[in-house]
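Descriptive structure summary
Here is what each chain is made of, one letter per residue.
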Amino acid sequence: MHLGRTTLSKFLIENISGTQDGAALAALLVDVAAAVKAISALSAKGALGGATGTLDTINVQGETQKPLDVLSNTAFVNTFQLGGLVAGVASEEMDDPFPIQPPHTRGPFLAIFDPLDGSSNIDSNVSVGSIFSILRAPETGEPVLQDYLQPGVKQVAAGYSVYGPATLMVITVGNGTHGFTLDREVGNFILTHPNMQIPADTNEFAINTSNERFWEPPVTRYIGECKAGKTGPRERDFNMRWIASMVAEVHRIMMRGGIFMYPRDTKDVSKPGRLRLMYEANPMGFIVEQAGGRASTGRERILDIQPDLIHQRVPVILGSRNEVDRVVHYHAQYDAGSDQPYESPLFNERGLYRP
Ligand code: F6P
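Residues numbered from 1 in each chain as written. Predicted model: local features only at pLDDT ≥ 70, side-chain atom pairs only at ≥ 80, totals over all residues. Heavy atoms only, no water.

**Let's talk about the overall build of the chain**
The secondary structure content of the chain amounts to eight helices and 15 strands. Relative to a compact globule of 355 residues, whose C-alpha radius of gyration would be 20 Å, the chain shows 20 Å and is just as compact. The dimensions of the chain, computed from C-alpha atoms along their principal axes, are 65 × 45 × 45 Å. The buried share of the chain, taken over its 355 residues, is 54%. Total accessible area on the chain is roughly 15,500 Å²; 51% of this is exposed by carbon and sulfur atoms. Here the chain contributes 31 positive and 39 negative side-chain charges, whose respective centroids are spaced 5 Å apart. (Helix = DSSP H or I, 4+ residues; strand = E, 2+ residues; numbered from the N terminus. Rg over C-alpha atoms; globule rule 2.2 N^0.38 Å. Buried < 20%, exposed > 50% of the residue type's maximum accessible area, 1.4 Å probe, protein only. Areas by Shrake-Rupley, 256 points an atom, 1.4 Å probe, with all protein chains shown as cover. Lys, Arg positive; Asp, Glu negative; His and termini not counted. Charge placed at Lys NZ, Arg CZ, Asp CG, Glu CD.)

Okay, here's the thing in structure tokens:
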């Protein structure tokens, strides 16, 4: 029973309804939760829902769509259109942003989302999820492309849901990262993970090592050192995970630490990375930073990137801060042409444990 426990709505009323546009933002996040519940119900039906297999349509990313990609996109678009709280939406599954048109009412926000991330895993019943980013809309008029192209630091809220054994929604409005578990029988999201904190250190890395021959030297160096374990310069063993579902991967890191990398590679030189800035890297970067972690391309903080395109791709390295810092340092050394051994910030001149 959830009586006496904090529902998502209560949490939002208590935490943000008094801030600028706070009541509208709280209502918008309740709308997001409604779409998430619909997608959770659809995905939980599996083959019984008749939405398995592959469609013969290809999205703007060149990826073959799954029926659930399209249904999840519709769930979000319809919810936002009827909610009256956003002026426009952009999605992984739509070529261009879509301004809300009369008779629907426009609101003060823009919503950008990946309706079903990791959907290549759906038929094997592996956890998938949705990712969303909320920005401010222009004060008047119909939003144009440029209005969406705001750096991640401008996000007013972001979050993801994970459709696994349990459905969870993890959000930030800039005051920490908080996780809510769906009580399926009652239909409420209950605050189960207040103030999530990513441990600063970790022994677990996640990367698709089949791409190793395409990586840049700093990434090869870092992963090589992790794999060398106790016998290498790190002098301890590491473990590896790769689910190929970013939400599931980030959620594991939120729960127990880790580093997730989809770095720049030369597999396809037209793409500087695999993951998309506006609806994958930015919202996850905001969530991770608010939980004490880091999110970088290896050379730049993700949230500082000025976007050029709505479907722009970027390298992503995120998670436990000491490991992300180390990878960033390896990139800086490589770019400077130096190859000094890495000194942990904890032990260097300004560190806590200077000998
Ligand atoms: O949308 C991207 C995505 O499905 C992520 O969820 C996941 O981390 C990644 O692609 C997996 O990529 P790959 O199939 O190359 O391992």
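**Some words on the sheet that holds strand β10 (residues 239–240)**
Strand order across the open sheet formed by five strands is β10-β9-β11-β15-β13, with mixed pairing between neighbours. At either margin of the open sheet sits one strand with a lone partner, and together these are β10 and β13 (294–296). As paired elements, strand β11 (residues 259–262) and strand β15 (residues 316–319) share four bridges and run antiparallel to each other. Across the sheet, Tyr262 pairs through a bridge with Val316, a residue of β15. With respect to the sheet, helix α6 (residues 246–256) is in contact with β9 (204–206), β11 and β15, its orientation differing from that of β15 by roughly 35°. (Pairing = 2+ DSSP bridges. Contact = heavy atoms within 4.5 Å. Axes fitted to C-alpha atoms, helices over the stretch in contact; angles between N-to-C directions.)

**Considering the pattern of salt bridges**
Evaluated as defined, the whole model comprises 19 salt bridges. Residues joined in a network through salt bridges with shared partners are Glu204, Glu249, Arg252 and Arg256. (Salt bridge = Lys/Arg side-chain N within 4 Å of Asp/Glu carboxyl O.)

**Some remarks on unusual backbone geometry**
Looking along the chain, the bond that leaves Pro102 and enters Pro103 is cis, with omega of 15°. Within the secondary structure, Pro103 sits in the loop between β2 (98–99) and β3 (109–117). Positive phi outside glycine occurs at Asn125, with the angle close to 60°. Locating Asn125 in the fold gives a position in the loop between β3 and β4 (128–136). Of note in this structure, Glu235 is not a glycine but carries a positive phi near 55°. Looking at the secondary structure, you find Glu235 in the loop between α5 (217–228) and β10.

**Some details on the nonpolar core**
Membership of the largest hydrophobic core comes to 42 residues, with the highest contact counts inside it found for Leu25, Phe80, Ile134 and Met169. It is helix α2 (residues 22–44) that contributes the most residues to this core, ten residues altogether. Ala87, Tyr148, Tyr262 and Val288 belong to the second-largest nonpolar core, a separate cluster that totals 39 residues. (Core = buried A, V, L, I, M, F, W, Y, C linked by side-chain atoms within 4.5 Å.)

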